[in-house]
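Coordinates in review
Read off the chains here:
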Amino acid sequence: MAAQPYQKPPGALRSDARGNRERILTAAREAYGLHGIDVPMAAIARRAKVGVATLYRRFPTRAALVSEAFAEQLAHCAAVLDEGLADPDPWRGFCSVVEKVCMMQAADRGFTEAFLAQFPEHAEYAEKRARAEEGLALLIRRAKDDGRLRPDFHVHDITLLMLANCGATTGAGDDAPAASRRLVAYLLQSFRAGAAAPLPPPAPLGLGRIPVQVTAGAPRSRSGAPSVPDGNCERSGQAPPTRPEGP
């Protein structure tokens, strides 16, 4: 019987295509970690040493690239929240989530922006943030009911904490992890119930209010969004017109 020709399994990539994909993801993680997730797609293509058309064939939108680049970290963040909620000690669970999330923020600027970014065309992101806010609200309620989290603590105070941590770690350079640990320890002590004095009302800050940072000196539009020099396709995150090119 004649041998049947080999057929590539559906969805499988050739080795050169797999190599391009991994180079793109590595370049994206490095660039996002250094400069935030507003790095232009063309700059990531240059860093990965692939053509722009190749990048857009693999990842048609910026949201698709960001999601894939940080898939492992996003899963870890969800696991941290689940572990905190599963802890039989509500105060310890609350403290553990705050400490771990702030350390993730200090260690990888790109990840924090990826998790908190708003991509209207990517419903999965909105779902993840909604689940995070629901989980945080439950974590806070458990710690309050246990009597060890001050009763006037608000879920928006988590955003306030992350804003403070963002400022401390951005200015601390290589000492960002130590700065984050010190700041968080101070704040957790202030969150304890007990002899705390009354506070002003909470600021209406949801997770979407965490700022997305851009490279120092990058121009911003009047709306506050960074002005990207690589054309309208870069600003929208949509693929530019493609031309024939290698995988």
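The present account deals with the structure reproduced in this document. Because the structure is a prediction, the values reported are computed rather than measured.

1. Re the overall build of the protein
Helix and strand content of the protein: 11 helices and zero strands. When the helices and strands of the protein are read in sequence order from the N terminus, they spell out α-α-α-α-α-α-α-α-α-α-α. Here the protein, with 247 residues, has 38% of them falling under the buried criterion. At a minimum sequence separation of 6, the contacts of the protein that also span at least 24 residues come to 73%. Counting only carbon and sulfur atoms, one obtains 56% of the accessible surface of the protein, whose full area is about 13,700 Å².

2. As for helix 2 (residues 41-48)
Within helix 2, burial applies to M41, A42, I44, A45 and A48. The buried residues of helix 2 occupy an angular sector of 160 degrees when projected down its axis, which confines them to one face. Positive phi appears at K49, one or two residues downstream of helix 2, with a value of about 60 degrees.

3. Section: the pattern of salt bridges
Enumeration over the complete set of coordinates arrives at nine salt bridges. Between R47 and E30 there is a salt bridge, with its nearest N and O atoms 3.3 Å apart. With R47 in helix 2 and E30 in helix 1 (residues 15-35), this residue pair connects regions lying 17 residues apart in the sequence. Between D89 and R148 there is a salt bridge, with its nearest N and O atoms 2.6 Å apart. A residue pair is termed long-range when its members are at least 10 positions apart, and D89 in the loop between helix 5 (71-86) and helix 6 (90-107) and R148 in the loop between helix 8 (123-145) and helix 9 (156-172) qualify at 59 residues.

4. Describing the side chain of R150
Along the chain, the position of R150 falls in the loop between helix 8 and helix 9. Of the residues examined, R150 reaches a relative accessible area of 8% and is grouped as buried. Within the local environment of R150, its side chain forms a polar contact with the side chain of D152, the two groups lying 2.6 Å apart.

5. A look at the packing of aromatic side chains
Considering all chains together, one arrives at five aromatic pairs under this definition. Pairing W91 with F94 gives two aromatic rings, centres 5.7 Å apart and planes at 25 degrees, and the pair type is stacked. With W91 and F94 both in helix 6 and three residues apart, the pair spans about one turn of that helix. Each of the two residues, W91 as well as F94, counts as buried. Measuring from ring centre to ring centre gives 4.8 Å for F153 and F191, while their planes differ by 70 degrees; the resulting arrangement is edge-to-face. Here F191 lies in helix 10 (residues 176-191) and F153 lies in the loop between helix 8 and helix 9, a separation of 38 residues in the sequence. Residue classification places F153 among the buried residues on the basis of a relative accessible area of 3%. Taken together, the aromatic side chains of W91, F94, F153 and F191 make up a single cluster linked through ring pairs.

6. Focus: helix 10
In an α-helix, one turn spans 3.6 residues, which is why side chains three or four residues apart end up on the same side. The end-to-end C-alpha distance of helix 10 is 22 Å, a good match for the 22 Å that 16 residues give at a rise of 1.5 Å each. Those residues of helix 10 that fall on the buried side of the exposure criterion are A176, S180, V184, L188 and F191. The arc that holds every buried residue of helix 10, seen down its axis, measures 90 degrees, which confines them to one face. Residues R182, Y186 and Q189 are exposed on helix 10 and point more than 90 degrees away from its buried face. In the core, the buried residues of helix 10 are packed alongside helix 6 and helix 9.

Parameters and conventions
Residues numbered from 1 in each chain as written. Predicted model: local features only at pLDDT ≥ 70, side-chain atom pairs only at ≥ 80, totals over all residues. Heavy atoms only, no water. Helix = DSSP H or I, 4+ residues; strand = E, 2+ residues; numbered from the N terminus. Buried < 20%, exposed > 50% of the residue type's maximum accessible area, 1.4 Å probe, protein only. Contact = heavy atoms within 4.5 Å. Areas by Shrake-Rupley, 256 points an atom, 1.4 Å probe, with all protein chains shown as cover. Arc of directions from axis to C-beta. Salt bridge = Lys/Arg side-chain N within 4 Å of Asp/Glu carboxyl O. Polar contact = N/O pair within 3.5 Å; in protein donor to acceptor, adjacent residues only side chain to side chain. Phe/Tyr/Trp six-rings, centres within 6.5 Å; stacked < 30°, edge-to-face > 60°. Expected span 1.5 Å × (residues − 1).

It is worth stressing that arrangement in space is one thing and function is another; only the former is reported here.
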